[in-house]
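# Geometric and topological summary
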Amino acid sequence: MPHDERDVSMVVPPAPLEDATQVPTGQPMTPEIQAPPLQTVGRSYLLWLMLASFGGSLALMVPLAYSLAVRIDDLSPGHEERLGYVTGSAQVTYLVLSPLIGLWSDRTRSRLGRRTPFMIGGALLGTAALAGVALAPSVLLLGLAWVVGMIGWSTAGQAIQNVQADRVSEEQRGRISALTSVMTQIAPVIGIGLAYAVASSTFLVFLVPGVLGAALVVLFPVLKPEGDSRVLVRGGGVTVRNMVASYGFDPRKYPDFGWNWLGRFVFFVGLYFNTAFGTFFYAQRLDLPVKEVAGIVAVIGTVGVVAAAGGAIGGGFLSDKLGRRKLFALIGSGVFVAGAVTEAFARSLPQLVVGAVLMQFAIALFSAVDQAIVFAVLPDRAEAGRYLAVVGFAQKIPSALAPLIAPFVITLGVSAGGEKNYTQLYLLGAALALLGGLIVKFKIKSVR
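Counting from 1, residues in each chain are numbered in the order their sequence is written. For a predicted model such as this one, the threshold for reporting local features is a pLDDT of at least 70, and the threshold for listing and counting side-chain atom pairs is 80 or more; totals across whole chains, interfaces and linings nevertheless cover every residue. Remark: hydrogens and water are excluded; side-chain values derive from all non-hydrogen atoms of the structure.

With that out of the way, let us pick up the overall build of the chain. Helices and strands together make up the secondary structure of the chain, namely 14 helices and zero strands. Counting helices and strands in the order they occur from the N terminus, the chain gives α-α-α-α-α-α-α-α-α-α-α-α-α-α. Relative to a compact globule of 448 residues, whose C-alpha radius of gyration would be 22 Å, the chain shows 22 Å and is just as compact. Dimensions along the principal axes, computed over C-alpha positions, put the chain at roughly 75 × 50 × 45 Å. Residue burial in the chain is summarised as follows: out of 448 residues, 51% are buried. In this description, contact between two residues means that some pair of their heavy atoms is separated by no more than 4.5 Å. Across the chain, contacts joining residues at least 24 apart in sequence account for 84% of those joining residues at least 6 apart. Segments assigned H or I by DSSP are reported as helices when at least four residues long, segments assigned E as strands when at least two residues long, and all are numbered from the N terminus. Within these notes, the globule rule equals 2.2 Å times the number of residues to the 0.38 power, and the radius of gyration is based on C-alpha atoms. Type-normalised accessible area, obtained with a 1.4 Å probe on protein chains alone, sets the label of each residue: buried when under 20%, exposed when over 50%, and partly exposed for intermediate values.

See below:
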C-alpha cells in the first residue's frame, strides 16, 4: 500500500455550482451531477472500508447461509422449499429496486454526502428487519421482514461499493477490490461461528451479526466522512424519465461498458451452471446419500475460502502493479475452465477438492479484477450508483437463470431414471466462463 495517509474526505471540494440561470450566454451549462475527485487513499481509510465491507456481508450473508433456514424450520418443519420462496422473493424485489436506489443515491444532496445516508439508513433498516425476522410468528411475516432486510443490507453494501467508484484512484482499484472481496468471503464463515455461539437464543442468532455488522458499516462514514455533496449535485432530482432510463444504457454509446457487462454476464452463467447443483453433484460422484454430503460441502467450502482469498489478493495486487486488468480476467476464466473440467470427470474426493479449489480461486481472481475494470469503464462516474446497479444485473440474472436451464442440460440425452449428466453441465459452464473472459480481454479497448 502507498504510505500516503491522506483522508479522502479532507479533499477540498470543487467550488459551489452556479444556478443554471446564472450561466452566461454561450457558456456550457454546469452538469447536473459532478463526480468527486479521485484520490490515493491511505491505510487507515482502506482499513475502515474493509471493515465496512465485512460488516455489511456479515449481516446479510449469515441469514442467507444459516439463520433463515433455522427459523423457517422452526416455523414450518419439513417445508425447506419455503426458504427458496423467501430468499427468492427478496432477491427479485431488490433487483427491481436497485437501479432506482442507485439513481436516488447519485442525486442526493446532503452535508453527509451522497452515499453516507444510504449506508447508515440501509444498516439501520436492515438491523430492524432482522429483529422482525427473529420475532415473526409465521413464514409469511418472516418473508416480508426479510424483503425489508435484503433491501436494507443490500443498499448499504451497494453504497460502500459506490464510494469506491467515487473516490479510489485507478492505481489502487485492483487491490482494494481484492481486499474488500476477501472481507465479504470471510464474513459468513465468522458470522456463522458467532451464530453458533448464541444458538440457544433465536433472537441473538439474528441480532448479534446484525448489530455488529451495522456498527462496522456506520463507523466507516463517521470516522472517514464522505464530505458535503451539495456542491456536487445541482438539482434536477428523480424524474419518471431518468427512472426508466436507470434500468439500462446504450451499448453503442458506451461500448466498453456494454462488452464488460456481456462478458461478466456470460462468465456468471457458466459459474452458476457449475455451482447450482453442487450438493447433488457431489452425492452422485461419491455415491453418497444427499444428507451425508453436508460435511464434505463444508470442508470444500472452507478450503475454497482460502483459495478465493489467494485469487482475489494475487490478481488484484498484481493487476495494480503491472497496470494490466484484462489479462488477469482471462487468466481467471482459464483457471475456471481447468477446475470445471477436473470436476466434470472427477470420481473421487481428492479430484473434487482440486476442481473446487481451482474454481474458487478463479472466481475470486476474475471478480476482483473485473470489478476494477467496471470502475474504469463506467459511462459516467457521477452516476456510479445507477450504473453499478445495472452491472449487478449481469450477476443476479444468471443466478436466477442458470438453475432454471441446468435441469434441461443434465437430463439431455439421459434415459428415464438414468444418472444425471453433470459432465456436460460442467463442460458447458467451462465453455461459457472462457467465453466471458475472452469477451473482456479482446473487446474492451479503453483498459489494458
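Still more ground to cover, so stick around.
Ring pairs shown here join Phe, Tyr and Trp side chains whose ring centres sit within 6.5 Å, with only the six-membered ring taken for Trp; geometry is labelled stacked below 30 degrees between planes, edge-to-face above 60, and tilted in between. According to the stated counting rule, one finds 14 aromatic pairs in the structure shown. Seen in terms of ring centroids, phenylalanine 267 and phenylalanine 366 are 3.9 Å apart; in terms of plane orientation they differ by 10 degrees. Their pairing is stacked. Here phenylalanine 366 lies in helix α12 (residues 349-377) and phenylalanine 267 lies in helix α8 (residues 255-273), a separation of 99 residues in the sequence. Both residues of the pair, phenylalanine 267 and phenylalanine 366, count as buried.

Turning to a nonpolar patch on the surface, a few remarks are in order. Each patch is built from residues that are more than 30% exposed by relative accessible area and take part in no salt bridge. Like charges join if they lie within 9 Å; nonpolar side chains (Val, Leu, Ile, Met, Phe, Trp, Tyr) join within 5 Å. Here the Shrake-Rupley method, with its probe set to 1.4 Å, supplies the accessible areas, and only the displayed protein chains count as covering residues. Definition used for salt bridges: Asp or Glu carboxyl oxygen within 4 Å of a side-chain nitrogen of Lys or Arg. Together, Val92, Val96, Leu97 and Tyr247 make up a nonpolar patch on the protein surface, roughly 310 Å² of accessible area in all. Considering the arrangement of structural elements, one finds tyrosine 247 in the loop between α7 (240-245) and α8. The class of tyrosine 247 is partly exposed, set by a relative accessible area of 33%.

On to the nonpolar core, then. For soluble globular proteins, nonpolar side chains are generally found buried alongside one another. Nonpolar cores were defined as sets of buried Ala, Val, Leu, Ile, Met, Phe, Trp, Tyr and Cys residues, with membership established by side-chain atoms within 4.5 Å. Among the nonpolar cores identified, the biggest contains 61 residues, and Met119, Val133, Leu142, Trp146, Trp153, Phe206 and Phe220 are the most heavily contacted of them. Listed by contribution, the elements that provide at least two residues to this core are α1 (43-75), α2 (81-106), α3 (116-135), α4 (139-167), α5 (173-197), α6 (202-223), α10 (294-322) and α12. Considering each element in turn, this core owes the most residues, 14 residues, to α1. Setting aside anything within four residues of it in sequence, one finds phenylalanine 206 in contact with Pro63, Ser67, Leu68, Arg71, Leu130, Val133 and Ala134. With 60 residues, the next largest nonpolar core counts Phe273, Tyr282, Leu352 and Val447 among its residues.

Moving on to the confidence of the model for the chain. Averaged over the chain, the pLDDT score is 88; the fraction of residues at 70 or greater is 91%. Confidence scores per residue from the predictor, reported as pLDDT, run from 0 to 100. The low-confidence segment residues 1-28, where pLDDT is below 50, has 52 contacts with residues more than four positions distant or belonging to other chains.

With that settled, the discussion passes to the packing of α4 against helix α13 (residues 384-411). Each pair of packed helices can be described by the angle between their axes along with the distance between the axes. Throughout, an axis means a line fitted to C-alpha atoms (over the contacting stretch in the case of helices), and angles, computed between N-to-C directions, take values from 0 to 180 degrees. Where α4 contacts α13, the axes come no closer than 9 Å and their chain directions differ by 120 degrees. As α4 runs across α13, the sense of the crossing is right-handed. Residue-level contacts link Gln158, Gln161, Asn162, Ala165 and Asp166 of α4 to Ala384, Gly385, Leu388 and Ala389 of α13. Tallied by class, the residues present in the contact of α4 with α13 amount to four nonpolar, four polar and one charged. Note: crossing handedness is left-handed where the near helix turns anticlockwise from the far helix by less than a right angle, and right-handed where it turns clockwise. For this scheme, ten residues count as nonpolar: Ala, Val, Leu, Ile, Met, Phe, Trp, Tyr, Cys and Pro. Four count as charged, namely Asp, Glu, Lys and Arg, and the remainder, Gly too, count as polar.

Turning to the side chain of arginine 114, a few remarks are in order. Within the secondary structure, arginine 114 is located in the loop between α2 and α3. Residue arginine 114 is classed as buried on the basis of its relative accessible area of 1%. Here the side chain of arginine 114 touches aspartate 106 through a polar contact of 3.2 Å, landing on its backbone oxygen. In this structure, arginine 114 is in contact with Ile33, Pro36, Ser105, Asp106, Thr108, Asp166, Glu226, Ser229, Val233, Arg381 and Ala382, ignoring residues within four places of it in sequence. Here a polar contact is taken to be a pair of N or O atoms separated by no more than 3.5 Å, where protein atoms must pair a possible hydrogen donor with a possible acceptor and residues adjacent in sequence count only if both atoms sit in side chains.

With that out of the way, let us pick up the environment of proline 379. Structurally, proline 379 can be placed in the loop between α12 and α13. Here the alpha-carbon distance between proline 379 and glycine 248, two residues 131 residues apart in the chain, equals 12 Å. In this structure, proline 379 is in contact with Tyr254, Phe257 and Tyr387, ignoring residues within four places of it in sequence.

The subject of this paragraph is the pattern of salt bridges. The final tally for this structure, using the stated rule, is 13 salt bridges. Arginine 115 is the partner of aspartate 166 in a salt bridge, and the nearest nitrogen-oxygen pair spans 2.7 Å. Within this pair, whereas aspartate 166 is found in helix α4, its partner arginine 115 is found in the loop between α2 and α3, the two being separated by 51 residues in sequence. Comparing aspartate 166 with arginine 115 shows no difference in burial state: the two are buried. Among the ionic pairs, glutamate 419 bridges to arginine 347, the shortest N-O distance being 3.7 Å. Here glutamate 419, found in the loop between α13 and α14 (422-443), pairs with arginine 347, found in the loop between α11 (326-344) and α12; they are 72 residues apart in sequence, far enough to count as distant.

Further remarks concern unusual backbone geometry. Residues other than glycine predominantly adopt negative phi, and peptide bonds predominantly adopt the trans conformation. In this structure, aspartate 287 takes a positive phi of about 55 degrees despite not being glycine. Topologically, aspartate 287 is positioned in the loop between α9 (278-286) and α10.

A word on the environment of leucine 358. Tracing the chain through its elements places leucine 358 in helix α12. Given the relative accessible area of 28%, leucine 358 is considered partly exposed. As a C-alpha pair, leucine 358 and alanine 400 span 42 residues in sequence and 24 Å in three-dimensional space. Every residue in contact with leucine 358, bar those within four places of it in the chain, is listed here: Val335, Ala338, Gly339 and Thr342.

As a further point, take α2. Working rule for helices: expected span equals 1.5 Å times residues minus one. Between its first and last C-alpha atoms α2 spans 38 Å; for 26 residues at 1.5 Å apiece the expected length is 38 Å, and the two agree. Summarising the contacts, the buried residues of α2 are in contact with α1, α3, α4, α7 and α13.

Packing of α1 against α3 leaves a shortest axis separation of 11 Å and a crossing angle of 10 degrees. Judged by the angle between their axes, α1 and α3 are roughly parallel. For the pair α1 and α3, contact is made by Ala59, Pro63, Leu68 and Arg71 and by Leu130, Val133, Ala134 and Leu135, respectively. Throughout this description, any angle smaller than 35 degrees is read as roughly parallel, any larger than 145 degrees as roughly antiparallel, any in the 65 to 115 degree range as roughly perpendicular, and the remainder as oblique.

On to the environment of valine 41. Here valine 41 lies in the segment before α1. With relative accessibility at 0%, the residue valine 41 sits in the buried group.

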